[in-house]
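# Close look at the chain arrangement
Take a look at the letters that make up each chain.
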Amino acid sequence: MNYKDHHKESMESPEKFWGKQAANIGWYTPPKTILSIDEHDYNQWFEDGVLNLSYLCIDKHIEDGYGAQNAIIYESPVTQTKQFITYDKLYQEVAKLAGALSDLGVKKGDTVIIYMPMIPEATYAMLACTRIGAIHSVVFGGFAPHELAIRIDDCKPKLIITASNGVEIKKIIEYKPLVDQAIALSHHQPNNVIIFDRKQGVTYETLARDLDYTSIVKAADIMDPIPVESTHPSYILYTSGTTGKPKGIIRDTGGYATALKYSMENIYDTHPGDVFWAASDVGWVVGHSYIVYAPLINRNTTILFEGKPIKTPDASTFWRIIAEHKVKVMFTAPTAIRAIKKEDPNGAFIKAYDLSSLTHQFLAGERCDVTTLNWAKEQLNVPVIDHWWQTESGWPMIANMMGIEDLPVKPGSAGLPVGGYDIKILNDEGEVVATNEPGYVAVKLPLPPGCLSNLWGNPERFKAGYLERFPGYYFSGDGGYMDSDGYIYITGRVDDIINVAGHRLSTAEMEEIVATHPAVAECAVFGIHCDLKGQTPLGLIVLKSEKNPYNKNVKQEIINSIRHEIGPVASFKSVAIVKRLPKTRSGKTLRKLLRQIADQNDYQTPSTIDDSSIITEIEEVYKSEKIGKYKI
Ligand code: COA
Ligand code: AMP
């Protein structure tokens, strides 16, 4: 079948289409009801089906005779270690940890926070939770205790699983004190903290609630998977919204498993037994879906990479791993390719390795510039496929579906709507715009299986943020346009969210922190162009008074406070003092204009601006401080 017919079928008879896909995974009770409406008037998939994610990722393959196949290859250039973890070994690790969690009273429906570096135990922890129907919430290690505390108070975990430390290039990041600080900041107090000691010379204080991961696993019995309903939440993943409070995206079980299996075969053209590598982190949605659940459901070998595209030890790491483990399909963020290109512009490292196993290179997580895409294509000599999705969707919404039809790649476009997604570009009134006209990227309801089933504890925010802006549609928060062949071009977020090195961050949250500094009268934080990370945050501040004693180290103190409150992942390194901020006559700060000036993009002075002479003042500050495109 070609792409057009495939997509048409998914639109014309979604229940038949997804019913067929659901039959490709194992169920304890196969669903009879395919699509239904819940008490929040929102669609759910396969509500009477019963299954278990951990079973699908592990036990099923052992029953089918593949226990000796590698499930995970752990590649850690930062610790110079490798581990080959077969499905049999994964079973032992996960089933015993599930037993240990159960002994500690963790039951179906309880929440567990996982705050771990990229080590196999992080994946064991995720799979042990889903094995017993516990809902995990993985928090990325680059977030500070304050951010972890927000998540603890929101999802109220019964316990937290962590590790002694992470390794960032050559720096040891001690995780245990960060967890202790977060719990001290939280109202909710988890019963226990389980610590995996990496034995890398890091010592930590042991409190009454602390338990040693290795000892409790050793003492535990094997635990069988617990059947759960298709709509049972498998996890909560927090992501940045347009306010200081992150949103807890809820993922179901049956819809997710069905969608992931479908995506592996039809989008990524990856089949059981293949080696698949998503170079991301388990703290992000890419890590949940394409390091852990999708490749394991699909009986692939997944690479778990603890390192960076450069400096661990150099820009050859990706290619060495592809050659050594015969990776068939790889997925990373454009930032990683830009970082490699900067270090190795002529691809000398690429030429030094046998990359004949690689059939496709997928890119996502941020906008992919044409130069980066073309460079990767020339160097790797395989199709380089940009594709678009979000934490909310859990799997791709726009792509070039390599398992269906190898359609031409149009650089700059993320491709065509994936099966199940009816993507429309809308204007302010919610009307579909003409071809090539810019607008808001929205998806006609119902969303296909696998997408968010609600926001944790906040169905009102879910409705207001995603469903009410354009009735009958899911609003993605991105802008874009569609060409006459149906290819979609994503132009960027239309809200206060920025994307720094593929990491989604809220500038509104940063602004709230900057505004609390005693020297600051008002401020604006927004994303400006960065050649490496795509975007980087910039803070502009207006001081309360010229003579305020708090002015002395104001810039550094603000930088430190963002690092302290949000974490190093914010990459917040730039603050400038301005006399005034440009505003509309109704008092709204013109952040888009501030960004356009820094990026030296063409802009029109908004007719609503209160005082246009501020623009020259801002330009002068950018010039003198060498900000954005004024660096040169
Ligand atoms: N735990 C603790 N700290 C972390 C962390 C983690 N898991 N991940 C990142 N950090 C820290 C880094 O050490 C760095 O701290 P610093 O300011 O003290 O140097 C900061 O957060 C920013 O990290 P990062 O954005 O990774 O920048 P970098 O300069 O260390 O590396 C790149 C630059 C381009 C190599 C890196 O951003 C990269 O590999 N990007 C690929 C993008 C990607 O995989 N995105 C995933 C989404 S698909
Ligand atoms: P996250 O939820 O962290 O995965 O971030 C999702 C956001 O990243 C999207 O809303 C987009 O703004 C951006 N994004 C992801 N993939 C792409 C892509 N291929 N092209 C453009 N933007 C992207």
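Keep in mind the model is a prediction, meaning the values are calculated, not measured.

## Considering the overall build of the protein chain
The number of helices and strands found in the protein chain is 19 helices and 32 strands. Against the 2.2 N^0.38 benchmark of 26 Å for 632 residues, the protein chain shows a C-alpha radius of gyration of 24 Å, consistent with a compact globule. For the C-alpha atoms alone, the extent of the protein chain along its principal axes is close to 70 × 60 × 55 Å. Out of the 632 residues in the protein chain, the part that is buried amounts to 60%. Within the protein chain, residue pairs in contact and separated by at least 24 positions form 70% of the contacts whose partners lie at least 6 positions apart. Within the structure as shown, the protein chain displays about 24,600 Å² of accessible surface, and the carbon and sulfur contribution to it stands at 50%. Here the protein chain carries 65 positive and 77 negative side-chain charges, and the mean point of each set is 4 Å from the other.

## Topic: the sheet that holds strand S24 (residues 439–444)
Strand order in this open sheet of four strands is S23-S24-S26-S27, and the pairing throughout is antiparallel. Two strands in the sheet have a free side with no partner beyond their single neighbour: strand S23 (423–426) and strand S27 (488–493). Sheet twist, expressed as the mean angle between neighbouring strand axes with direction ignored, is 50°. In the sheet, S24 pairs with strand S26 (residues 473–482) via five bridges, with the strands oriented antiparallel.

## Let's talk about the site of ligand 2
Taken together, 15 residues form the shell around ligand 2, and within it Asp386, His387, Thr391, Arg493 and Arg504 come nearest. In the model, a nitrogen atom of ligand 2 is placed 3.1 Å from a nitrogen or oxygen of the Gly365 main chain. In the complex, 94% of the free accessible area of ligand 2, which totals 490 Å², lies under the protein chains. Partitioning the shell around ligand 2 into residue classes produces four nonpolar, five polar and six charged.

## Some details on the pairing of strand S28 (residues 497–500)
Inspection of the sheet shows S28 paired to strand S29 (residues 503–506) by four bridges, in the antiparallel sense. In the sheet register, Ile498 faces S29, and the bridge partner there is Leu505. Turn length for the S28-S29 hairpin, with the two strands adjacent in sequence and antiparallel, is two residues, and the turn residue Ala501 shows positive phi of about 55°.

## Examining the site of ligand 1
Taken together, 23 residues surround ligand 1, and among them Glu168, Lys171, Lys308, Pro309 and Arg563 come closest. For ligand 1, whose free accessible area comes to 940 Å², the fraction covered by protein is 85%. Broken down by class, the residue content of the shell around ligand 1 amounts to 10 nonpolar, seven polar and six charged. Both domains that furnish three or more residues to the shell around ligand 1 are identified here as domain 1 (3–307 + 387–480) and domain 2 (501–631).

## Brief notes about the domain arrangement of the protein chain
The domains assigned to the protein chain are domain 1 (3–307 + 387–480) and domain 2 (501–631). Placing a centre on the C-alpha atoms of domain 1 and another on those of domain 2 gives a separation of 34 Å. Contacts between the two partners involve 17 residues from domain 1 and, on the opposite side, 14 residues from domain 2. Of the roughly 1,200 Å² buried between domain 1 and domain 2, counting both surfaces, carbon and sulfur atoms make up 46%. On inspection of domain 1 and its partner domain 2, the count reaches one salt bridge.

## Brief notes about the layout of surface pockets
When its volume is computed, the second largest pocket comes out at roughly 450 Å³. Around the second largest pocket, the lining comprises 18 residues; the ones closest to its centre are Ile528, His529, Cys530, Thr536 and Lys631. Secondary-structure elements contributing two or more residues to the lining of the second largest pocket are strand S30 (520–530) and strand S31 (534–543). Considered class by class, the residues forming the lining of the second largest pocket number six nonpolar, five polar and seven charged.

## What about the side chain of Ser76?
Within the secondary structure, Ser76 is located in strand S4 (residues 70–76). Relative accessible area serves as the criterion here: at 1%, Ser76 is assigned to the buried category. Of the polar contacts made by the side chain of Ser76, one reaches the side chain of Tyr74; its length is 3.4 Å. Ignoring anything within four residues of it in the chain, the contact list for Ser76 reads Thr81 and Glu306.

## Focus on helix H3 (residues 53–63)
Across the 11 residues that make up H3, a large majority, eight, are buried. Of the residues making up H3, those classed as buried are Leu53, Ser54, Tyr55, Leu56, Cys57, Ile58, Asp59 and His61. Residue Asn52 occupies the N-cap position of H3, its side-chain oxygen lying 2.8 Å from the main-chain nitrogen of Ser54. Gly65 occupies a position one or two residues after H3 and carries a positive phi of about 95°.

## Structural notes on the nonpolar core
Within the largest apolar cluster, 113 residues are counted, with the highest numbers of intra-cluster contacts made by Leu90, Leu101, Tyr268, Tyr290, Tyr293 and Trp395. Counting residues per element, this core draws most heavily on helix H10 (residues 285–297), which supplies nine residues. By size, the runner-up hydrophobic cluster in this structure holds 42 residues, among which are Ile113, Leu148, Ile183 and Tyr238.

## Looking at the UniProt feature "domain: Acetyl-coenzyme A synthetase N-terminal" (unreviewed entry) in the protein chain
Following the UniProt record, the feature "domain: Acetyl-coenzyme A synthetase N-terminal" (unreviewed entry) maps to residues 3–57 here. As a span, residues 3–57 carries 44% helix and 15% strand, and end to end its C-alpha atoms are 28 Å apart.

## A few points about the UniProt feature "domain: AMP-dependent synthetase/ligase" (unreviewed entry) in the protein chain
The residues that UniProt annotates with the feature "domain: AMP-dependent synthetase/ligase" (unreviewed entry) are residues 72–444. Helix makes up 31% of residues 72–444 and strand 23%, whereas the separation of the span's terminal C-alpha atoms amounts to 37 Å.

## Section: the packing of helix H2 (residues 14–22) against helix H9 (residues 254–266)
Any two packed helices are characterised by how steeply their axes cross, that is the angle between the axes, and by the distance between the axes. The N-to-C vectors of H2 and H9 enclose an angle of 85°; their axes lie 9 Å apart at closest approach. As the angle between them shows, H2 and H9 are arranged roughly perpendicular. Residues Phe17, Trp18, Gln21 and Ala22 of H2 pack against Thr258, Ala259, Tyr262 and Asn266 of H9. Taken together, the residues that form the contact of H2 with H9 break down as five nonpolar, three polar and no charged.

## A word on the pattern of salt bridges
One pass over the full model with this rule turns up 37 salt bridges. Residues Arg209 and Asp180 are paired through a salt bridge, measuring 3.2 Å at the closest nitrogen-oxygen approach. With Arg209 in the loop between strand S11 (192–196) and strand S12 (210–212) and Asp180 in helix H7 (residues 176–185), the pair connects residues that are 29 residues apart, well separated along the chain. For the residue pair Arg209 and Asp180, the accessibility class agrees, reading buried in each case. Across the pair Asp495 and Arg493 runs a salt bridge whose closest N-O atoms are separated by 2.6 Å. Residue classification places Arg493 among the partly exposed residues on the basis of a relative accessible area of 26%.

## Points about the packing of H3 against helix H4 (residues 87–103)
At a closest axis distance of 9 Å, the pairing of H3 and H4 adopts a crossing angle of 130°. The orientation of H3 relative to H4 falls into the category oblique. Along this stretch, H3 crosses H4, giving a crossing that reads as left-handed. Between H3 and H4, the residues in contact are Ser54, Cys57, Ile58, Asp59, His61 and Ile62 and Tyr87, Asp88, Leu90, Tyr91 and Val94, respectively. Classifying every residue of the contact of H3 with H4 by side-chain character gives seven nonpolar, two polar and two charged.

Rules and cut-offs
- Residues numbered from 1 in each chain as written.
- Chains lettered and ligands numbered in written order.
- Predicted model: local features only at pLDDT ≥ 70, side-chain atom pairs only at ≥ 80, totals over all residues.
- Heavy atoms only, no water.
- Helix = DSSP H or I, 4+ residues; strand = E, 2+ residues; numbered from the N terminus.
- Rg over C-alpha atoms; globule rule 2.2 N^0.38 Å.
- Buried < 20%, exposed > 50% of the residue type's maximum accessible area, 1.4 Å probe, protein only.
- Contact = heavy atoms within 4.5 Å.
- Areas by Shrake-Rupley, 256 points an atom, 1.4 Å probe, with all protein chains shown as cover.
- Lys, Arg positive; Asp, Glu negative; His and termini not counted.
- Charge placed at Lys NZ, Arg CZ, Asp CG, Glu CD.
- Pairing = 2+ DSSP bridges.
- Axes fitted to C-alpha atoms, helices over the stretch in contact; angles between N-to-C directions.
- Near = heavy atom within 4 Å.
- Polar contact = N/O pair within 3.5 Å; in protein donor to acceptor, adjacent residues only side chain to side chain.
- Nonpolar A, V, L, I, M, F, W, Y, C, P; charged D, E, K, R; others polar.
- Domains from an automatic or database assignment.
- Buried area = accessible area lost by both parts, 1.4 Å probe.
- Salt bridge = Lys/Arg side-chain N within 4 Å of Asp/Glu carboxyl O.
- 1 Å grid on protein atoms, 1.4 Å probe; cavity = no way out; pocket = protein on both sides within 12 Å on 5 of 7 lines; lining within 4 Å.
- Points joined across faces, edges and corners; volume = space filled by probe spheres on them.
- Core = buried A, V, L, I, M, F, W, Y, C linked by side-chain atoms within 4.5 Å.
- UniProt positions renumbered as here; feature names shortened; annotations may be inferred.
- Parallel < 35°, antiparallel > 145°, perpendicular 65-115°, else oblique.
- Left-handed = near helix turned anticlockwise from the far one by under 90°.

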